[in-house]
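Survey of secondary and tertiary structure
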Amino acid sequence: MQALAIPDAENLHARRPRLWGWVLLAPLVAWLVAFVVVPMVILFGYSFCTRDDLGRVVFSFTLENYGRVFDPIYLRILGRSIGFAAVTTVLCVAIGYPVAWYIARQPERIRDKLLLLVMIPFWTSFLIRTYAWIAILKNEGLLNGMLQYVGLISAPLPLLYTPAAVLIGLVYAYLPFMILPIYGSAEKLDNALVEAAHDLGAGPMRAFSEVIIPLTWPGITAGMLLVFVPAIGMFAITDLMGGAQVPMIGNVIQNQFFRARNAPFGAALGVVFTLMFVLAYALVHRRASRTR
Amino acid sequence: MSAMIEVRGVTKRFGDFTAVDRVDLHVAEGEFLTLLGPSGCGKTTLLRMLSGFETPTEGTLVIGGEDVTHLAPYRRNVNQVFQSYALFPHMTVEENIGFGLRMQKVPAEEAARRIAEVIDLVALKGFEQRKPHQLSGGQRQRVALARAIVPRPKVLLLDEPLSALDAKLRQQMQLELKRLQKHLGMTFVFVTHDQEEALTMSDRIAVFNRGRIEQIGSATEIYHKPCTAFVADFIGEANLLDAELVSRNGTTGRIRVEGGLELTLALSQWPQDHSRALVSIRPEKVLVSKSRIEAENVFQATVREELFQGVLDRLHLETGAGTRLTAVVANESAILEAIHAGDQVWCGLHVDDLIVVRPA
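All values reported here derive from a predicted model rather than from experimental measurement.

1. So, the overall build of chain A
Of the regular secondary structure elements, chain A holds twelve helices and two strands. When the elements of chain A are put in sequence order from the N terminus, they spell out α-β-β-α-α-α-α-α-α-α-α-α-α-α. Relative to its length of 292 residues, chain A is extended, with a C-alpha radius of gyration of 25 Å against a globular reference of 19 Å. Taken over the C-alpha atoms alone, chain A extends approximately 85 × 65 × 35 Å along its principal axes. Per-residue burial for chain A yields a buried fraction of 28% across its 292 residues. Put simply, of all contacts in chain A between residues at least 6 apart along the chain, 69% involve residues at least 24 apart.

2. Quick notes on the overall build of chain B
Scanning chain B for helices and strands turns up nine helices and 20 strands. Once the C-alpha set of chain B is aligned to its principal axes, its extents read approximately 75 × 45 × 35 Å. Within chain B, the proportion of its 360 residues that are buried is 40%.

3. Points about unusual backbone geometry
You will see that A:Arg261, though not glycine, has its phi angle at about 50°, which is positive. Looking at where A:Arg261 falls in the secondary structure, it is placed in the loop between helix 11 (249-258) and helix 12 (263-291). Assessed through the 15 C-beta atoms surrounding it within 10 Å, A:Arg261 is described here as partly exposed. With a phi angle near 55°, B:Ala338 is a residue other than glycine that sits in the positive phi range. Within the fold, B:Ala338 resides in the loop between helix 9 (331-336) and strand 19 (344-349).

4. A short note on the packing of helix 3 (residues 72-104) of chain A against helix 7 (residues 163-188) of chain A
Relative orientation and spacing of two packed helices are given, respectively, by the angle between their axes and the distance between those axes. Residue and element names in this part refer to chain A. Between helix 3 and helix 7, the shortest axis-to-axis distance is 7 Å and the interhelical angle comes to 45°. The angle between helix 3 and helix 7 falls in the class oblique. At the point where helix 3 passes helix 7, the crossing takes the right-handed sense. Looking at side-chain class alone, the contact of helix 3 with helix 7 contains 23 nonpolar, two polar and one charged residues.

5. With respect to the sheet that holds strand 20 (residues 355-357) of chain B
All names here are of chain B. With antiparallel pairing, the five strands of this open sheet are ordered in space as 13-12-11-14-20. A strand with exactly one partner marks an edge of an open sheet, and here the two such strands are strand 13 (262-266) and strand 20. Each neighbouring strand pair of the sheet contributes to a mean axis angle of 50°, computed without reference to strand direction. Bridge count for strand 14 (residues 276-281) against strand 20 is three bridges, and the pairing is antiparallel. The residue of strand 20 that forms the bridge with Val279 is Val356.

6. Concerning the domain arrangement of chain B
Residue and element names in this part refer to chain B. Taken domain by domain, chain B comprises domain 1 (3-233) and domain 2 (239-357). Between domain 1 and domain 2, the C-alpha centre-to-centre distance is 39 Å. Taken together, the contacts link seven residues of domain 1 with five residues of domain 2. Of the residues that constitute the side of domain 1 that touches domain 2, the class distribution is four nonpolar, one polar and two charged.

7. With respect to the pairing of strand 4 (residues 58-63) of chain B
Residues and elements named next belong to chain B. Across five bridges, the pairing between strand 1 (residues 3-14) and strand 4 is antiparallel. Bridge pairing links Glu6 to Val62 in strand 4. In this sheet, strand 5 (residues 66-67) lies alongside strand 4 in antiparallel orientation, the contact comprising two bridges. Bridging across to strand 5, Ile63 finds its partner in Glu66.

8. Observations concerning the interface of chain A and chain B
A common way to report how large an interface is uses the accessible area buried once the components associate. Tallying the contact residues gives 15 residues for chain A and 16 residues for chain B. If you list the elements that add at least two residues to the side of chain A that touches chain B, you get helix 8 (191-199) and helix 9 (204-233) of chain A. In terms of residue count, the dominant contributor to the side of chain A that touches chain B is helix 8 of chain A (six residues). Classifying every residue of the side of chain A that touches chain B by side-chain character gives eight nonpolar, three polar and four charged.

9. Digging into the sheet that holds strand 17 (residues 312-319) of chain B
Residue and element names in this part refer to chain B. Taken in spatial order, the five strands of this open sheet run 15-19-16-17-18, and their pairing is antiparallel. Lying at the two open borders of the sheet, with one neighbouring strand each, are strand 15 (287-289) and strand 18 (324-330). Neighbouring strand axes in the sheet, compared pairwise and without regard to direction, differ in orientation by 40° on average.

10. Brief notes about the packing of helix 2 (residues 93-103) of chain B against helix 3 (residues 108-121) of chain B
All names here are of chain B. The interhelical angle for the contact between helix 2 and helix 3, taken along N-to-C directions, is 125°, at an axis separation of 10 Å. With respect to helix 3, the axis of helix 2 lies oblique. Of the two possible hands of crossing, helix 2 and helix 3 adopt the one that is right-handed. Counted together, Glu94, Ile97, Gly98 and Leu101 of helix 2 and Ala111, Arg114, Ile115, Val118 and Ile119 of helix 3 form the full contact between these two elements. Of the residues assigned to the contact of helix 2 with helix 3, the class counts are six nonpolar, one polar and two charged.

The rules behind the values
- Residues numbered from 1 in each chain as written.
- Chains lettered and ligands numbered in written order.
- Predicted model: local features only at pLDDT ≥ 70, side-chain atom pairs only at ≥ 80, totals over all residues.
- Helix = DSSP H or I, 4+ residues; strand = E, 2+ residues; numbered from the N terminus.
- Rg over C-alpha atoms; globule rule 2.2 N^0.38 Å.
- Buried ≥ 20, exposed ≤ 12 C-beta atoms within 10 Å, placed from the backbone.
- Contact = placed C-beta atoms within 7 Å.
- Axes fitted to C-alpha atoms, helices over the stretch in contact; angles between N-to-C directions.
- Parallel < 35°, antiparallel > 145°, perpendicular 65-115°, else oblique.
- Left-handed = near helix turned anticlockwise from the far one by under 90°.
- Nonpolar A, V, L, I, M, F, W, Y, C, P; charged D, E, K, R; others polar.
- Pairing = 2+ DSSP bridges.
- Domains from an automatic or database assignment.

So, in structure tokens, the structure goes:
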């Protein structure tokens, strides 16, 4: 009996993990195929098609859509999107790093509470939070009202529907995505390393640039990717807080699909755009893994 | 010898907890001083105040004639070897060792020469380009040491640097450290809870307990003339017995210890105006034989237990009156005399081996 039982058990051990692995992975794979792979394939197909007068997609093969992508108008909008995303990323690092560092250096009990505070905004719908900002920034809004009440200004400042408003919205929306990964690497950093740097004669600035920054760099790059990439394509904030004043590439794509009813061109913009993300990600990722 | 470190009435409190309590300490230039004590006794806190990571609540710290009580760690001419080594994981061995020189803006050529020298000294040649995670525990330990000595600090502070090594390597490193300290002539302040480490390496040992220095002295002084019950018990082993003075006879006195055994001791150390005191007897000072022994104190006892411990044999003895004593004898003499549990033996104690200690 025993002699039979042993090879059986071995077989089970060899096979089970692989089988179970696939079973457990199945929902994720299905989700990715249905909502990422299939739409991407459709998008890619559309980008070579044309449309009829009613805006319906006509299957054919043309490179005309891709030609239009490189029209200076769109390049300028893309440039602006990248610029806004870059400024957003820099601001998020500048604001998020000290916050993440401060939280990571607190005793564990306080740390958990502070982290909770960072995550609380996620409990409310993103749109509601954006409308809250509109209520703060608009002409009859909270901020202008307060400034007028105190007497600092006599007429409301035009805050909403400006590039500054878009930046505020973007930084606000993406700040937690910068804080959390930086916190992750700051929390792992052994305080003895900072002490060792001081002990060997490094003042606060040197210790920061020579030890703290290099050792939290993985968190910084992760945060930069999490903020920069989605910030380029963001359209809701630019729409709601920028009005029509500062269209971004996300707005252009959205408009091609839903207003101009030119799905093939929207698709081509989307494809070019996605490729750029992949390229940027590959570059940053390679640098990040090399420094490690 | 001039004092390299002067600790004057230093106290450190964390909230209600007093970690270091009114400590005074002088360390001579070129001395190897060990702060020894159980965990939480304040020895590490004192070390961290010397390196500058903690500021004293009260008192003054002077290093090399300069008041450093409120000086930032990076402005002190003092380096530390950390318990976890704290090597920078993103730097090579060479970059780690050169970090202090780079911060001092030592010219590149001189820095390269000094780094090469110290790498030679700690036997790490060929490992210059390795990262810390590619080194063994002992090698990391040596990098940490090299990194701390290469800036030529006035004082090297070592926070249990050997505790992460296995026993064999630890013994070897103890000797290497001691040799290195002699070679450099540098003042070392070494923190440990390991009494053997302290006895092996130190010029002087400061025994810490509950934030205070219980006793400070050379290894032999601390071992042979412990002042307090804590020191007697923490360093080596001790039979601690309550004793009552029965009679005086010139320079010696007759005492009765718990259980009823009467012994003679040197009166000079007996506290004045006290009829009771605590007496410490080292187990290896208790002479044991099957035949009668020549000593000032001779008595008979029964072997309750015999524990074989390799080189040594540990005997738990009980006298006729009921006093219990532990004795440690060389294993071969126990074999020669065939001493076993249940045997009746003669015991001897010399007058000088009865040490009066202050209760803890």
